[in-house]
Amino acid sequence: MRKTRSVAVAAGLASLALVVTACSSTPAGEGEGDPIIIGHAADFSGDYSFYDSPMRAGAELAIDEINKAGGVLGRPLEYRAIDGRDDQAETLRATEELLDAGAVYLIGTTGSPWAAQATLSCEAGVPISTGDGTSPDLVGQIGECAHHVIMSDNVQAAVAAEYALEQGWTTAFVMRSSDDPYTDGVPNYFTDTFTQGGGTIVGETEFRIGAGDYNVQATEIANLPEQPDFIFTPIFVSDTQVFLRQLRAQGVTTQVVGADGAVDASVLDAGDAAEGLIATFHAWPNDGDARIAKFIDDYTAFHGSAPESMVAGLGYDEIYLIAQIIEAQGEASAEAIIRGLADAQFTGVTGSLTMDPTTRRANKEITLVKIENGEIVYLDSLSPKHVPAVPGD
Amino acid sequence: MNTFSRRRLRNAFITWAMLATVFLVVTLLAEFVLDRGQSRMATEFMILASLVVAIQSYVGNSGLLSFGHVAFFAVGAYIAGLAAMSPEKKEQFLPNLPDWVISLEASLPLAILIAVIGVAIFAAFTGVPISRMHQSVIPMATLALLVMTHTVVNLWDDVTRGTRGLVSVPDLVTTWTVFATAVAITGAALLYAASPAGLRLQVVREDPIAAAALGIRVAATRFTGWMVSAVLMAIGSAVWALNSLAFGPEQFFFAQTFSLLAMLIIGGTGSVTGAIAGTAIVSVINESLRGLERGFAIGPIQVPELPGLIQLVVALALLLLLIWRPAGLFGNRELSIPRRRR
Amino acid sequence: MTVELLVQQLINALSLGSIYALLALGLAVVYSVLGLLNFAYGEIITIAGYCMFFLVSGGMDFWYAAIFGVIAAIATSLLIQLVAFRPLRGAPANAVIFASFAVSIIIKALISNVISPRPRGIPVPSWVDGVIQLGSFRLPILALITIAIAVVAMVALTWALHYSTPGLAIRAAAEDFTVTRLMGAPAGRLILLAFVLSGILAGIAGVLWIARTGSVSPAMGFTPLLQSFIAIVLGGLGNLRGAVIGGFALAFIEVALQVLLPTAVVPFTAALTLVAVVVILYFRPQGFSKLAQERVA
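The paragraphs below set out a description of the structure included in this document. If you're wondering where the values come from, they're calculated on a predicted model, not measured in any experiment. (Residues numbered from 1 in each chain as written. Chains lettered and ligands numbered in written order. Predicted model: local features only at pLDDT ≥ 70, side-chain atom pairs only at ≥ 80, totals over all residues. Heavy atoms only, no water.)

### With respect to the overall build of chain C
Tallying secondary structure elements over chain C gives twelve helices and four strands in all. For chain C, the C-alpha atoms occupy an extent of roughly 60 × 50 × 40 Å along the three principal directions. Looking at the 297 residues of chain C, the share that counts as buried comes to 58%. For chain C, long-range pairs separated by at least 24 residues make up 74% of all intrachain contacts whose partners lie at least 6 apart in sequence. (Helix = DSSP H or I, 4+ residues; strand = E, 2+ residues; numbered from the N terminus. Buried < 20%, exposed > 50% of the residue type's maximum accessible area, 1.4 Å probe, protein only. Contact = heavy atoms within 4.5 Å.)

Below you can see the structure in the form of structure tokens.
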């Protein structure tokens with residue numbers, strides 16, 4: 001009896017699978033008035049949903065606005081987001097489904113399945129972006145269709161270094177981690193520009209992502225023979241909070257400079273310890289910029305709450321960038337978008353960008369933010385004079 | 001216990017034939033019926049089944065839980081991937097590799113062979129101390145093996161490209177090669193379980209002290225099982241790698257370990273059939289829920305999107321199944337022709 | 001290395017070791033009675049953390065919330081016992097391990113779906129981050145609190161295990177569960193007691209961990225779980241005193257490797273620690289042999 005029950009359950013599941021897949025695989029047409037499909041196969045439930053979900057929320061708003069304004073080339077945009085759960089097989093599956101549906105452009109995942117996903121997309125000749133992936137060596141390794149339409153780590157690290165030199169800070173202590181390409185790469189780019197500009201790295205230490213304890217590093221810094229002008233580290237939230245609190249508890253008052261991984265409202269949980277932290281980021285609301293203010297208002301009206309991260313602005317801009325390219329090319333095909341992306345110039349809520357046709361990366365101004373009185377505030381926007389070379393370019 | 005029992009061999013062949021038929025049906029569906037996404041999933045299922053069966057050949061026969069098989073998975077996948085990558089790509093991404101590695105551009109069979117040799121050497125080195133440990137600490141030692149391997153893969157930039165992973169790994173695998181792999185690994189696992197060496201390991205599993213009293217060399221028997229399983233794992237990993245386009249160290253850590261072991265435990269560690277059934281169940285749950293996860297409407301009620309639903313359902317299924325049948329769905333039984341009770 | 005630096009790093013190792021020791025004890029209590037690892041152990045800390053998160057955001061004082069956190073930890077520990085261990089009594093060890101693992105995934109998935117996958121901050125009172133200056137030595141207050149609470153908890157536990165009947169029964173069970181049952185100790189109640197103790201220890205360790213990290217996230221239980229695994233292996237599986245020694249040993253090894261190794265080799269710390277574990281497993285498995293026989297039988 002038990003056996004029959006399990007067979008029945010299996011049969012039920014199998015037929016459910018058939019129904020579900022039958023419903024979801026509607027073929028897409030290619031004619032006038034048919035929607036232009038933009039796909040987003042990314043992580044909406046795993047670790048990288050931290051970045052990919054805000055991207056999606058921003059993209060949804062842009063799609064809604066564009067379609068209300070009559071679409072692109074008279075055709076509506078259709079945005080399809082599929083959860084790859086940060087699982088490689090599942091992300092490939094989702095990517096394939098989007099390609100089969102006739103997507104002309106894909107927003108990629110910020111997580112590690114990106115390389116495989118982009119390879120698949122390139123085989124189909126469909127352009128794909130890096131999502132919120134900022135590592136500058138991503139697109140070069142894949143090929144012609146991969147594009148990096150946001151700021152890159154080499155540029156943001158260079159901006160951090162040049163901003164520091166501008167303040168007259170000439171000695172830096174660097175804290176890095178080999179656990180991730182980001183925490184490993186950013187310090188290298190920083191060191192390149194900082195030493196090039198005449199700064200000195202007085203020491204380096206290693207940390208483990210998610211260790212929950214950075215007292216050893218804090219003690220090491222506290223006992224340096226002479227405090228450096230500042231400490232540079234690409235540490236992520238929520239490690240940032242732990243490190244800052246433990247560092248301040250050791251009596252160290254030295255300036256800390258971070259990168260975009262540290263810019264999240266949660267860094268304020270560190271309270272007084274977070275005060276004074278400076279970090280580089282994509283963009284930040286400031287009094288002089290009406291675009292961002294309008295974006296936040298529109299977003300709040302559309303989603304019912306303010307964006308939980310400014311990364312939403314990146315998703316929003318990416319959709320408008322692609323819409324602008326399709327409009328300019330007069331054609332909504334993958335080839336036309338690749339052609340248009342090569343030397344695209346675009347201004348969105350997160351700033352202006354110019355695509356570099358040789359590296360296929362965007363040149364984009366970097367924003368600096370600072371924590372003041374328990375708030376993240378806009379500090380400055382810069383483009384670096386010395387951009388560190390990227391291995392493999 | 002030193003010669004093959006004819007009855008066991010015959011049963012193994014019958015089971016093999018039946019399981020091969022299942023794989024054949026899946027392959028034919030993938031080739032002629034399913035759409036591209038679904039046939040990718042069918043191929044993925046057969047690769048995963050191969051890996052789970054390879055793990056089963058150690059865990060099932062020895063009764064020892066191994067977290068270390070994903071270490072073999074990593075070693076096999078990287079070796080096969082490096083062997084098959086084109087010299088230009090290796091020159092571009094991994095210029096510090098030795099010249100003979102760079103100039104190598106292996107075909108699928110050669111890549112598998114090199115992976116098998118590499119993993120066998122790795123398994124021999126780790127297997128000697130692990131087989132001699134007390135059985136209560138072997139799972140712990142294999143867990144340590146996994147963490148150590150992951151650390152090295154993560155940091156050895158010149159060979160593995162560190163956390164950035166391998167890219168431009170050629171796709172050399174077709175549904176039919178995956179089918180052949182799954183059938184071969186299944187056959188080898190069944191044959192080993194029915195062989196004198198496999199039987200000795202099962203005796204050790206039931207009672208190591210009694211087995212030793214019977215003159216079975218416990219450590220040597222465990223070592224044999226470890227090696228057989230590692231070789232099968234290497235074959236599966238090589239095929240996995242050459243179907244993956246790109247992969248990195250995070251593919252070979254706790255998440256992967258638990259997902260493979262969960263499939264094995266759901267189906268039952270005691271049988272090859274169970275290993276394959278467990279993989280199938282998880283794949284079917286996955287496939288059935290991926291539509292639901294995106295949110296859907298029942299009449300006027302809009303059910304919201306439920307990210308993470310699949311994980312939740314797989315875990316619930318695992319828990320309920322274990323409460324209902326602690327030995328997994330199939331326990332120690334293999335698929336066979338029903339016979340009258342004697 | 002100056003004396004100040006040495007003393008400060010020793011305090012770091014001691015305070016980290018106190019947390020590891022409590023964590024390892026909590027895992028070892030259950031292991032010593034059942035011979036099974038509880039893979040959902042990390043989620044006890046997670047739930048304690050989220051309980052504190054809600055209370056503190058509701059305006060409660062951090063340390064009052066901590067008491068409720070410990071209570072939530074005990075409840076979670078008992079729930080895990082009820083769902084993953086009790087229905088599987090007598091089942092193969094692998095099945096129970098995976099049942100607890102399934103519970104761990106379920107709890108994590110529920111938290112990410114119902115609350116949020118994002119980390120949430122718990123504001124820790126700022127005096128906790130203060131320092132006591134003693135001559136040229138800086139003593140972080142949180143480190144002192146951590147060491148003090150851990151010592152009190154361990155002394156209390158030792159007293160209870162030596163002078164109360166249930167405590168004695170637990171110690172006896174850790175030595176030999178079968179014989180203890182034959183002597184008339186009720187098995188079901190012993191197991192419940194082990195899970196309650198495990199919950200208390202994980203709860204206290206969890207509170208100290210959260211006071212250190214100041215945030216909660218669905219996957220926050222993973223690091224503590226992994227560290228307590230390594231610690232109890234270092235100290236000898238199922239041996240309560242060993243768990244404490246293992247916890248401190250792990251912290252000292254980690255701190256020492258981080259301080260002494262050149263920066264380029266530091267990333268290998270985890271691997272090197274585990275090499276030590278494997279060497280211990282290889283040469284000293286007899287430390288755990290009693291329990292192993294019990295499980296085979």
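Back to the text.
### Let's talk about the pattern of salt bridges
Residue and element names in this part refer to chain A. A full pass over the atoms with the stated rule returns 15 salt bridges over all chains. The salt bridge partner of Lys 68 is Asp 64, with a shortest N-O separation of 2.9 Å. One end of the pair, Lys 68, and the other, Asp 64, are both in helix 2 (residues 49-68), four residues apart, so they sit about a helical turn from each other. On the basis of relative accessibility, which here comes to 23%, the residue Asp 64 falls in the partly exposed class. Residue Glu 204 is joined to Arg 176 by a salt bridge in which the shortest nitrogen-to-oxygen separation is 3.2 Å. Here the residue Glu 204 occupies a position in strand 7 (residues 200-206), and Arg 176 occupies one in strand 6 (residues 171-176), the gap between them amounting to 28 residues. The exposure class assigned to Glu 204 is partly exposed, which follows from its relative accessible area of 27%. Through salt bridges with shared partners, a single network forms among Arg 176, Asp 184 and Glu 204. (Salt bridge = Lys/Arg side-chain N within 4 Å of Asp/Glu carboxyl O.)

### A word on the environment of Pro391(A)
All names here are of chain A. Residue position: Pro 391 is located in the segment after strand 15 (375-382). Residues Pro 391 and Gln 167, spaced 224 residues apart in sequence, show a C-alpha to C-alpha distance of 29 Å. Ignoring any residue separated from it by four or fewer positions in sequence, one finds Pro 391 in contact with Asp 137 and Tyr 189.

### Observations regarding the packing of helix 5 (residues 141-163) of chain C against helix 8 (residues 187-213) of chain C
A pair of packed helices is captured by two measures, namely the crossing angle of their axes and the spacing between those axes. All names here are of chain C. At a closest axis distance of 10 Å, the pairing of helix 5 and helix 8 adopts a crossing angle of 175°. The angle between helix 5 and helix 8 falls in the class roughly antiparallel. Taken together, the residues of helix 8 that come into contact with helix 5 (itself represented by Leu 142, Thr 146, Ile 149, Ala 153 and Leu 157) are Leu 197, Leu 201, Ile 204, Leu 208, Ala 211 and Arg 212. Of the residues that constitute the contact of helix 5 with helix 8, the class distribution is nine nonpolar, one polar and one charged. (Axes fitted to C-alpha atoms, helices over the stretch in contact; angles between N-to-C directions. Parallel < 35°, antiparallel > 145°, perpendicular 65-115°, else oblique. Nonpolar A, V, L, I, M, F, W, Y, C, P; charged D, E, K, R; others polar.)

### So, the interface of chain A and chain C
Interface size is commonly expressed as the accessible area that is lost once the parts come together. At the junction of the two partners, chain A supplies 30 residues and chain C supplies 32 residues. Regarding the contact of chain A and chain C, the summed buried area is about 2600 Å², with carbon and sulfur atoms giving 48% of it. Across the contact surface, chain A and chain C share three salt bridges. For Arg245(A), the salt bridge is made with Asp129(C), and the minimal N-O distance between the two is 2.9 Å. For the pair chain A and chain C, the interface holds eleven residue pairs in polar contact (both at pLDDT 80 or more). (Buried area = accessible area lost by both parts, 1.4 Å probe. Polar contact = N/O pair within 3.5 Å; in protein donor to acceptor, adjacent residues only side chain to side chain.)

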